[in-house]
Every structure is written in structure tokens, then in C-alpha cells.
Amino acid sequence: MASKTHAGRFFEDYRVGDEIVHAVPRTVTEGDRALYTALYPTRFALYSSDAFARKSGLLRSPIEDIAAFHVVFGKTVPDISLNAVANLGYAEGRFLLPVYPGDTLTSTSEVIGLRETSNGKSGVVWVRSTGRNQRGEAVLSYCRWVMVRKRDAGAPAPAVVVPDLAPAVAGSDLVVPAGLDFSAYDFALAGERWRWGDYEIGEKIDHVDRVTIEEAEHMLATRLWQNTAKVHFDVTARDGGQRLIYGGHVISLARALSFNGLANAQIVAAINAGAHANPCFAGDTICAWSEILDKADTATPGVGALRVRLVATRAGAAAFALRGDDGKYLPDVLLDLDLWVLVPK
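Quick caveat, the model's predicted, so the values are computed rather than measured. (Residues numbered from 1 in each chain as written. Predicted model: local features only at pLDDT ≥ 70, side-chain atom pairs only at ≥ 80, totals over all residues. Heavy atoms only, no water.)

1. A look at the overall build of the protein
Here is step 1: Within the protein, the regular secondary structure consists of 7 helices and 12 strands.
Here is step 2: Taken against the 2.2 N^0.38 rule, which gives 20 Å for 345 residues, the C-alpha radius of gyration of the protein at 20 Å falls within 12% of a compact globule.
Here is step 3: Taken over the C-alpha atoms alone, the protein extends approximately 65 × 50 × 40 Å along its principal axes.
Here is step 4: The 345 residues of the protein split such that 53% are buried.
Here is step 5: Long-range pairs, those at least 24 residues apart, make up 79% of the contacts in the protein with a sequence separation of at least 6.
Here is step 6: When the accessible surface of the protein is summed, it comes to about 14,400 Å², and 53% of that surface belongs to carbon and sulfur atoms.
Here is step 7: Positive and negative charge centroids in the protein, built from 36 and 40 side chains respectively, lie 4 Å apart. (Helix = DSSP H or I, 4+ residues; strand = E, 2+ residues; numbered from the N terminus. Rg over C-alpha atoms; globule rule 2.2 N^0.38 Å. Buried < 20%, exposed > 50% of the residue type's maximum accessible area, 1.4 Å probe, protein only. Contact = heavy atoms within 4.5 Å. Areas by Shrake-Rupley, 256 points an atom, 1.4 Å probe, with all protein chains shown as cover. Lys, Arg positive; Asp, Glu negative; His and termini not counted. Charge placed at Lys NZ, Arg CZ, Asp CG, Glu CD.)

This is how it looks when you write it as C-alpha cells:
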């Protein structure tokens, strides 16, 4: 009799071109917003106040873009990264529609690349994942690549296919939510006076504040997004017996910490690139800094875009230090994330 349980896919189970429909739709509620706020020190006004969001031209306050990303990402885990060694990076992420409480999200993925690692015990899988709402409208799309264990180290390696991914989403391809209007933007209520024009390319911002990650807290967050990757829960799943912090947890912490200096970066419009540079564990204290990489106009009057490198490090890391002389990430760098954010002019 066939087993009714599922151990997840291993590297040799993937084929380029596979289309995967991920199980379990998820209806987003105000409870998700409350839990997200409880888990992270997030304070962006557009996601905290219906009145502020309506004054900015939206129907009401959406859930945070990164929270929507977590929901869509979590759906993909049982099929993509249940047997992962590590999630390696992101590219071509675009936020296409706001997600409001009451929306139901589903996820699909296409396998776009495969490459076995040199030790023959695992391989890298590239996928393009898309989240849709209950009307079938795409709300976000992104690529990621993840190292996945092999079931059988002797299984033949597939032909190497490494996708050609854009280094960044073009500023002209950013989607500004319909109706967004910052002409009556209240800088006092938002928390800072800095406009799009106040930021300069090359400017670096120390976000000052810190958060220490607690064991129960990160597991609660990962369960909230229905992320079932073994390395986040099972102490026997990794050498050393430590649960690995979900990389998205670090993303949300860094984004929340960036409020101090980027409080008016209200909307995340794109994820250009991203790397979880080093593993993160409970007890680590997280700091964040940003660098302004580029600026772009949008077709919406009063709305500009900043391209921001958002870096999360352990406390004690040298200020604004990213890589060593060998070109590798320094050991206390946890996250290197390249984003486009929308800011009032």
C-alpha cells in the first residue's frame, strides 16, 4: 500500500519546466496584522492606520508588503524547501497589488533552473513563484533559489540550467498602487520629515535600533506563515542542533528597524536581489543599515522610488561593513537585500 504521508521533494525530484500548484489557500485577516505588529517593531503609518491609508488614496490600510510575501512564500515551502539546506537568494520580485484583510492568497511556482552541488549530496533549485488573490489577480511574483538535499547521493545529476535573472527591476517597471496619492501626506503623523529629494545616491543610514531574537518568537512567526521547513523547528535537522532562523524573519526585522531613517518609505515595490549571507540563530541581536543605491521617478505625481540596500547584521559588526578583502560576506552580515521603496516627494 502506498504511503499516505509525504516526505517532501528532494533535488532529484525536480525538472525544469515543472509547474507546481501549492496547497492550502490562506485568507489574510486583521489577526495577521496584529501578530505581525507583535512580532516586529513595525510602525509604518500606511500599514497602521486606515485613516492614513485613505488619505493616501487607498481603500484602507493593506497588510505590509513583506507580510504578504511571507504568506505566499509559506505556501511554497512544502513543495520547494521542505528538505532545504538553506534559502540562498531572491531576484525579480515585484509587488503588483495591495493585499487587504479578507483577501485569500494562493501560490504557484515554476521550476526555472537546476544545478547539482560539487559534493553531490544536494543541488540548487531556482523557482519563480506567484501569489494570487481570490480573483486570480497576481499580487506579487519573485524568483528564489534554494539548496535542497538529495534523497540518494548516487542519483544522476540533471543537466545544468542556471536562469539569467535581471540584476534589478527597472524603475520604469515598478507598480504604484492604483489611487495612491501623497499630495496630502502628513509627515508629522508618518514620523519623519524626509522626502524623496532629501536622500542622495550613496548615502548610508545607520538605523540605530536593535532587536534580540527569541527562540519562541521566531518559531511563532514561522508557524504564522505556515512555513514547514524542518530546519526552523527540528533540532535534529541540522548539524549542531540549533534551529535556523527563517530568513524572512530577519527580513521583517530589518525592514521594521529601517523605520528610523526611512519612515516615509511606505511601500516596498520590488525585491531586486537578496542573500541570506550567514545563518542566524536565537539569541542573535539584529541591527540594520541602509545604502541609497538609486532613485527613480514614477508615473504617479508626488511619488518617487528609492533603491535601497538593506543590510542586517549581528550587534558588534563594524559600521557599514559588508564584505572582506576576499569578496565574501563578513561573518556577522546576515542579510543583504536590494529593494525599491515608494516615498513621497
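2. A short note on the pairing of strand S4 (residues 104-116)
Here is step 1: Across 3 bridges, strand S1 (residues 19-21) lies against S4 in antiparallel orientation. Along S4, the bridge assignment pairs Val21 with Thr108.
Here is step 2: Of the strand pairs in this sheet, strand S2 (residues 26-27) and S4 are connected by 2 bridges, and their pairing is antiparallel. By the bridge assignment for S4, Thr27 is matched with Thr104. (Pairing = 2+ DSSP bridges.)

3. What about the side chain of Arg144?
Here is step 1: Looking at the secondary structure, you find Arg144 in strand S6 (residues 138-149).
Here is step 2: Summary of buried charges: Arg144 has no salt-bridge partner, and the nearest side chain of opposite charge, Asp79, is 9.1 Å away.
Here is step 3: In terms of polar contacts, Arg144 uses its side chain to reach the side chain of Thr76, at 3.1 Å.
Here is step 4: Only 3.1 Å separates the side chain of Arg144 from the side chain of Ser81, close enough to count as a polar contact.
Here is step 5: Residue contacts for Arg144: discarding those within four places in its chain leaves Phe73, Thr76, Val77, Ile80, Ser81, Asn87, Gly89, Tyr90, Val125, Trp126 and Val127. (Salt bridge = Lys/Arg side-chain N within 4 Å of Asp/Glu carboxyl O. Polar contact = N/O pair within 3.5 Å; in protein donor to acceptor, adjacent residues only side chain to side chain.)

4. A few points about the packing of aromatic side chains
Here is step 1: A full pass over the atoms with the stated rule returns 11 aromatic pairs.
Here is step 2: Both rings, one in Phe44 and one in Phe259, keep their centres 5.5 Å apart while their planes meet at 75°; by these two values the pair is edge-to-face. Of the two residues, Phe44 sits in the loop between helix H1 (30-39) and helix H2 (50-55) while Phe259 sits in helix H7 (residues 259-262), which places them 215 residues apart along the sequence. Per residue, the accessibility class of Phe44 equals that of Phe259, and both read buried.
Here is step 3: Each residue in the set Phe69, Phe73, Tyr90, Tyr142 and Tyr246 is aromatic and connected to the rest through ring pairs, giving one cluster.
Here is step 4: Lying over the aromatic face of Tyr329, Arg323 brings its terminal NZ or CZ to 4.0 Å of the ring centre.
Here is step 5: Positioned above the aromatic ring of Trp196 is the side chain of Lys345, whose terminal nitrogen or guanidinium carbon lies 4.7 Å from the ring centre. (Phe/Tyr/Trp six-rings, centres within 6.5 Å; stacked < 30°, edge-to-face > 60°. Lys NZ or Arg CZ within 6 Å of the ring centre and 35° of its normal.)

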